[in-house]
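Close look at the chain arrangement
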Amino acid sequence: MTKHFEKVETLVSNIPDSSKIALAPDYSGCPMEAIRKLIKRGVTSLHIIGVPSVGFQGDMLIGAGCVKTIETAAVTIGEHGLAPRFTSAIKNGTINIIDGTCPAIHAGLQAAQKGIPFMPVRGIIGSDLSKHRLDWIEASNPFSESEEPLILVKAITPDITLIHVPLADSNGNVWVGVRREMMVMAHASKKTLVTYEKLFDGNLLSEESMAPGTIPSLYIDGLALAENGAWPVGLFGNYPPDENHLEIYMDMAKTDEGFKEYINEYVFEPKAAE
Amino acid sequence: MTKHFEKVETLVSNIPDSSKIALAPDYSGCPMEAIRKLIKRGVTSLHIIGVPSVGFQGDMLIGAGCVKTIETAAVTIGEHGLAPRFTSAIKNGTINIIDGTCPAIHAGLQAAQKGIPFMPVRGIIGSDLSKHRLDWIEASNPFSESEEPLILVKAITPDITLIHVPLADSNGNVWVGVRREMMVMAHASKKTLVTYEKLFDGNLLSEESMAPGTIPSLYIDGLALAENGAWPVGLFGNYPPDENHLEIYMDMAKTDEGFKEYINEYVFEPKAAE
Amino acid sequence: MSEVIKHEEMLISVISEMLNGMSHVAVGASSPIPGSAALLARANSLTDLRVSMLGSEEHNIFTNGGTELFDCAAQGRIDAFFLGGGQIDGGANINLVGIGDYPDTKVRFPGSFGSAYLYYLVPRVILFREEHTPRVLVPKVDFISAPGSSPENVNRPGGPYALVTERCVFKFDKKKARFRLESIHPGHSLEEIVEMTGFDFDKPSTISETKPPSSDTLKLIRGKIADEISETYPAFSSKLFGA
Amino acid sequence: MSEVIKHEEMLISVISEMLNGMSHVAVGASSPIPGSAALLARANSLTDLRVSMLGSEEHNIFTNGGTELFDCAAQGRIDAFFLGGGQIDGGANINLVGIGDYPDTKVRFPGSFGSAYLYYLVPRVILFREEHTPRVLVPKVDFISAPGSSPENVNRPGGPYALVTERCVFKFDKKKARFRLESIHPGHSLEEIVEMTGFDFDKPSTISETKPPSSDTLKLIRGKIADEISETYPAFSSKLFGA
């Protein structure tokens, strides 16, 4: 039932416009090659969910005009500074922002994973975040003897989870190691599409040491090999971020024109990435 | 902060009478050697939580008079039939039973893991189970447009989780592989005590393949080596149940006298187990 | 090969037929016959039928601990599951707790396991209980571990599909919340079934005989399936197949 | 070794002192100075101080994905954490979202991250913001990502402990819900701090000077800590220490 695609292009052709798509932060599994192919295809009106935040890939999708709404605890390019295209899009009002906080996003996904309509979350009370969230309800803790307010966060069910992982096997199982937020994302989503760095020789679920870090193929709808597929963000256990390239991006993406040049060079005419 | 104990006896001396103690089912990590030492010590008034059910170890503790209350989705010795000492104790009214259902027990522990007061659970409505549970509340789903009933399960915070695992390292990290209910138990509990089959040479958290199945020492309070420590129940990936021995147990434990003989032979004068 | 079909083999075959076209079948605790049926359905499946068996290391695709089976069911990723019952009544209510006035039950069963949840969420729940007597199939269960039907306001995508016993197959009519006799196993009669069933059920004008397994299926059961099930249920496998 | 102490080194040392006796310190996103301070506290710790650093592979003990940091905090297993703020006000309210009328902010910051949760649950939250100007330290934040204090009925075991800037250290008085000036970094003055702080704060009659790092500590920072932090913050480490 898990489809193996020869090309990343074909894999991402399974992502319709207007999809609600869950993405990982830069230190987790970022499917950069798939993001470039998505931009090249001209996907539009995406609703991005940062789990719990989103970095370079979110900024690129926003810059390329692929995003209608972004639901996230933050958009950050880490040490390199404010995400330039995100910052500009907010200033110009060209995207909707749904501001959340990390544990509430995790809780919403875990609620979807468990098939429950909501999950209580500690904290949040008195923050301005909840004023703007129609999908959060302030309720009273029914187990408390005295009146105690509590935030209930509605389940978040992404249409698609799109991630890049270190290993996959021919059965469609994928290995994420300790980066289990990707497992929650896959469990919670209607579909999960994956690019992977290397093919694992054997069955990941049959190896006692590999199985604990593996998302079973039951949850994986499509797969494609993408060597160096997380460049320039880096992939845990495999390669670090290409800091020089990120600096180039930060510099070019300061302006609309610079960003257009950037995607012309690296997305539409991808010499440097090959 | 994780203490290494030379003897299983010393490890279990950290379990006070009347503790609320979480135990795994027979197919997960059963600390049988520790259970025998607990019985030998004469622990009393335990509140056992089966996560989500309990088998041989629960039946033994009940038979030996160590248990006041058992909270579980089931007590079962699998293929071997009804748990004899549990069945007898219920008939004679010598223990309290708090009947639950597997996902509600998992949800209660996950609520404790997340520090939230409760977790909604699907199903259950209309079952006689909820009639007897003061720690479950039937509420209305606040996210549903029409009236929809829903069960809220109160967080379950065990005093102690007691488990047996395949591997531990000198830093106090323990490897449970895919049996992650033990990780939830450790996260949710005030204290976690562990016996382990073999010492892992190195740091489990430093090995990319081992870390995903590892409970970090942060959650582990005490450890002791117990080779063959899950006998006769068996340990996943290591050795199967000793079916012949379980049959001997089932036969002897039919009666009070037979059970007394059994624990005399295997707990108080443990020739056969050595 | 002996063509004397054991009743367990018959049941494995009958249940297996009900799993045609499923993509994911889960098997709970203490379920050697449903487990064998699921493995048989997988062996016969043209597509990829997944089997997740509690207690098995080989036939287990879960990597998120004890909660995953339940989460997976809630996500709609499990098509079929099996439940039994110390008592089962005509409304498909099941009792896995005990006989008598709870909590002071005269006879205590193991407990409800995940029934009070999976019965609501898995679209095709097959009730299986070998013993077909008025003691087990009762007018009304003493304790409802999980009800056979629910009011409309309860979120319940799942529920009972059939009840398989040593004597016959009942199908559950969700609208009427009643069982209908579907087929009678060879060697058994309607009169016997009426007599041995404590609850009232619908009787179609013509009732077929349950189809026994073909010799190919029998060969598969006694070979591959006997071998596969022995990992989780060694005593069952060795008793039935002498493996 | 040059004894010219860089202000980052000063801040690392000051924050590190606040982590004495802790057993588990967590460090969030974009926090090279707090991260270095935590590693320094660990290096100086007589007991086993654990450091969990977001984005690090080496200094990360978590094995349950992105949710574990937050679950761990709710379990009471994290003693200290760090938060910053595009704006911080005198009630220790922090704004990580933006300046202006939300959602049409004139200036947009990255977002609230886990602040609206960890600020409630971690007993010792240290606010850290290098820039000490009226632009950052404002009378009232434009958007409350997380409030500095809560009504009594809110479950809140955690909250602000101190605010560390390039100029001084404030301690937070939970009862008054106000900052008190604790110490002034060498080279800075009370007058300057009053002028550069947009909010009102308590001023004790005698205010000490912030203690600079000892030469041993400085050696540790420039050696072991510079090396350890470079895994997660290579640009920071190479800029500051030329590593």
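Residues numbered from 1 in each chain as written. Chains lettered and ligands numbered in written order. Predicted model: local features only at pLDDT ≥ 70, side-chain atom pairs only at ≥ 80, totals over all residues. Heavy atoms only, no water.

Focus: the overall build of chain C
Heads up, the rule is: Secondary structure elements are taken from DSSP: a helix is a run of H or I of four residues or more, a strand is a run of E of two residues or more, and numbering for both begins at the N terminus. Atoms considered for the radius of gyration are the C-alpha atoms alone. The globule rule reads 2.2 Å times the number of residues to the power 0.38. Whether two residues are in contact is decided by their heavy atoms, any of which lying within 4.5 Å being enough. All accessible-area figures derive from a Shrake-Rupley calculation using a 1.4 Å probe, and residue coverage is judged against the displayed protein chains alone. Only four residue types enter the tally: Lys and Arg on the positive side, Asp and Glu on the negative side, with His and both chain ends excluded. For the purpose of locating charges, the reference atoms are NZ of Lys, CZ of Arg, CG of Asp and CD of Glu.
A tally of helices and strands in chain C yields 7 helices and 13 strands. For 243 residues, the compact-globule estimate of 2.2 N^0.38 gives 18 Å, and the C-alpha radius of gyration of chain C, at 17 Å, lies within 12% of that figure. In terms of its C-alpha atoms, chain C occupies a principal-axis envelope of roughly 45 × 45 × 35 Å. Restricting the contact set of chain C to residue pairs at least 6 apart, pairs at least 24 apart contribute 70%. When the accessible surface of chain C is split by element, carbon and sulfur atoms take 50% of a total near 9400 Å². Charge centroids of chain C, computed over 24 positive and 30 negative side chains, lie 3 Å from each other.

Digging into the sheet that holds strand β6 (residues 118-121) of chain B
Residue and element names in this part refer to chain B. Test applied: A strand pair is defined by DSSP finding two or more bridges across the two strands. Axes here mean lines fitted to C-alpha atoms, for a helix over just the part in contact, with angles spanning 0 to 180 degrees between N-to-C directions.
The strand order β6-β8-β7 describes an open sheet built from 3 strands, whose pairing is antiparallel. At either margin of the open sheet sits one strand with a lone partner, and together these are β6 and β7 (136-140). For this sheet, the mean inter-axis angle between neighbouring strands, taken without regard to orientation, is 35°. Packing against the sheet, helix α5 (residues 102-114) makes contact with β6, β7 and β8 (149-154), and its axis sits at approximately 150° to β6.

A closer look at the domain arrangement of chain C
Residues and elements named next belong to chain C. For clarity, the threshold we go by: The split of the chain into domains comes from an automatic or database domain assignment. In short, buried area is how much 1.4 Å probe accessible area vanishes from two parts on joining, totalled over both. The salt bridge definition used is simple: a Lys or Arg side-chain nitrogen within 4 Å of an Asp or Glu carboxyl oxygen. Polar contacts, as used here, are pairs of N or O atoms within 3.5 Å; protein pairs need one atom able to donate a hydrogen and one able to accept it. Residues neighboring in sequence count only if both atoms are side-chain atoms. Under the convention adopted here, Pro, Cys and the residues Ala, Val, Leu, Ile, Met, Phe, Trp and Tyr are nonpolar, Asp, Glu, Lys and Arg are charged, and Gly plus all remaining residues are polar.
Segmentation of chain C into domains returns domain 1 (1-82 + 213-243) and domain 2 (84-112 + 124-205). Distance between the C-alpha centres of domain 1 and domain 2: 22 Å. Across the interface of domain 1 and domain 2, roughly 1100 Å² is buried in total on both sides, 75% from carbon and sulfur atoms. Counting the surface domain 1 buries against domain 2, the share from its top three residues, Leu 11, Met 18 and Phe 82, is 43%. In this structure, the connection of domain 1 to domain 2 is made through 0 salt bridges. Taken together, domain 1 and domain 2 are joined by 5 residue pairs in polar contact (both at pLDDT 80 or more). Residue assignment for the side of domain 1 that touches domain 2 shows that the elements contributing at least two residues are α1 (7-17), α2 (32-44) and β3 (80-83). When residues of the side of domain 1 that touches domain 2 are assigned to their parent elements, the largest contribution, 6 residues, is made by α1. Class assignment for the residues of the side of domain 1 that touches domain 2 results in 12 nonpolar, 1 polar and 2 charged.

Observations regarding the interface of chain B and chain A
Counting from both sides, the interface comprises 31 residues of chain B and, opposite them, 31 residues of chain A. Of the roughly 2600 Å² buried where chain B meets chain A, counting both sides, 74% is carbon and sulfur surface. Where chain B meets chain A, there are 0 salt bridges. One can count 4 residue pairs in polar contact (both at pLDDT 80 or more) joining chain B with chain A. When contributions to the side of chain B that touches chain A are tallied by element, the ones reaching two or more residues are α5, β6 and β8 of chain B. For the side of chain B that touches chain A, a count of residues per class yields 18 nonpolar, 7 polar and 6 charged.

Re the side chain of Arg77(D)
For clarity, the threshold we go by: Note on classification: 1.4 Å probe, protein chains only; a residue is buried when its accessible area is under 20% of the maximum for its type, exposed when over 50%, partly exposed between these limits.
Looking at the element boundaries, Arg77(D) is found in the loop between α3 (68-74) and β3 (80-83). Buried within the structure, Arg77(D) lacks any salt-bridge partner; Asp221(B) is the closest side chain of opposite charge, at an N-O distance of 5.5 Å. Separated by 2.7 Å, the side chains of Arg77(D) and Gln75(D) make a polar contact. Sequence-distant contacts of Arg77(D), defined by excluding residues within four places in its chain, comprise Ala186(B), His187(B), Ser189(B), Leu218(B), Tyr219(B), His24(D) and Cys72(D).

With respect to the pattern of salt bridges
Applying the stated rule across the entire model yields 54 salt bridges over all chains. In this structure, Asp71(C) and Lys114(A) form a salt bridge, with 3.0 Å as the shortest nitrogen-oxygen distance. Of the two residues, Asp71(C) sits in helix α3 (residues 68-74) while Lys114(A) sits in helix α5 (residues 102-114), which places them in two different chains. The two residues Asp71(C) and Lys114(A) agree in class, both being buried. Here Glu148(A) makes a salt bridge to Arg122(A), at a shortest N to O gap of 2.5 Å. Here Glu148(A) is found in the loop between β7 (136-140) and β8 (149-154), whereas its partner Arg122(A) is found in the loop between β6 (118-121) and β7, with 26 residues between them in sequence. Side by side, Glu148(A) and Arg122(A) carry an identical accessibility label, which is buried.

Some remarks on a negative patch on the surface
Keep this limit in mind: By definition, no residue in a patch forms a salt bridge, and every one has over 30% relative accessible area; like charges are joined within 9 Å, nonpolar side chains (Val, Leu, Ile, Met, Phe, Trp, Tyr) within 5 Å.
Taken together, the side chains of Glu208(A), Glu57(C), Glu58(C) and Asp227(C) present a region of like negative charge at the surface. Position of Asp227(C) relative to the elements: it lies in helix α6 (residues 215-229). With a relative accessible area of 54%, Asp227(C) lands in the exposed category.

Points about the pairing of strand β4 (residues 67-72) of chain A
All names here are of chain A. Put simply, the test is: With its strands directed away from the observer, a crossover is right-handed exactly when the path from the first strand over the helix to the second travels clockwise.
Extensive coverage of β4 is indicated by the burial of 5 of its 6 residues. Sheet topology places β4 next to strand β5 (residues 96-99); 4 bridges connect them, and they run parallel. Looking at the pairing, Glu 71 lines up with Ile 98 of β5. Chirality of the crossover, the property in question, places the unit of β4, helix α4 (residues 84-92) and β5 among those that are right-handed.

Comments concerning the relation of the copies chain B and chain A
The line we're drawing: Residues below a pLDDT of 70 in either copy are left out; the C-alpha atoms of the rest, at least 70 in both, set the least-squares superposition of the copies.
With an RMSD of 0.0 Å, the fit of chain B onto chain A corresponds to turning through 180° and sliding 0.0 Å along the axis. In short, the pair behaves as if placed about a two-fold rotation axis. With an isologous cut-off of 70% or more, the 100% of interface residues of chain B that recur at the interface of chain A puts this contact in the isologous class.

Some points on unusual backbone geometry
Only a minority of non-glycine residues have a phi that is not negative, and only a minority of peptide bonds are not trans. Residue and element names in this part refer to chain A. The omega angle of the peptide bond from Val 51 to Pro 52 is 0°, so this bond is cis rather than trans. Within the secondary structure, Pro 52 is located in the loop between β3 (46-50) and α3 (56-63). Cis geometry marks the peptide bond from Trp 231 to Pro 232, where omega comes out at 5°. Considering the arrangement of structural elements, one finds Pro 232 in the loop between β13 (222-225) and α7 (243-252). Although it is not a glycine, Asn 228 adopts a positive phi angle of roughly 60°. Topologically, Asn 228 is positioned in the loop between β13 and α7.

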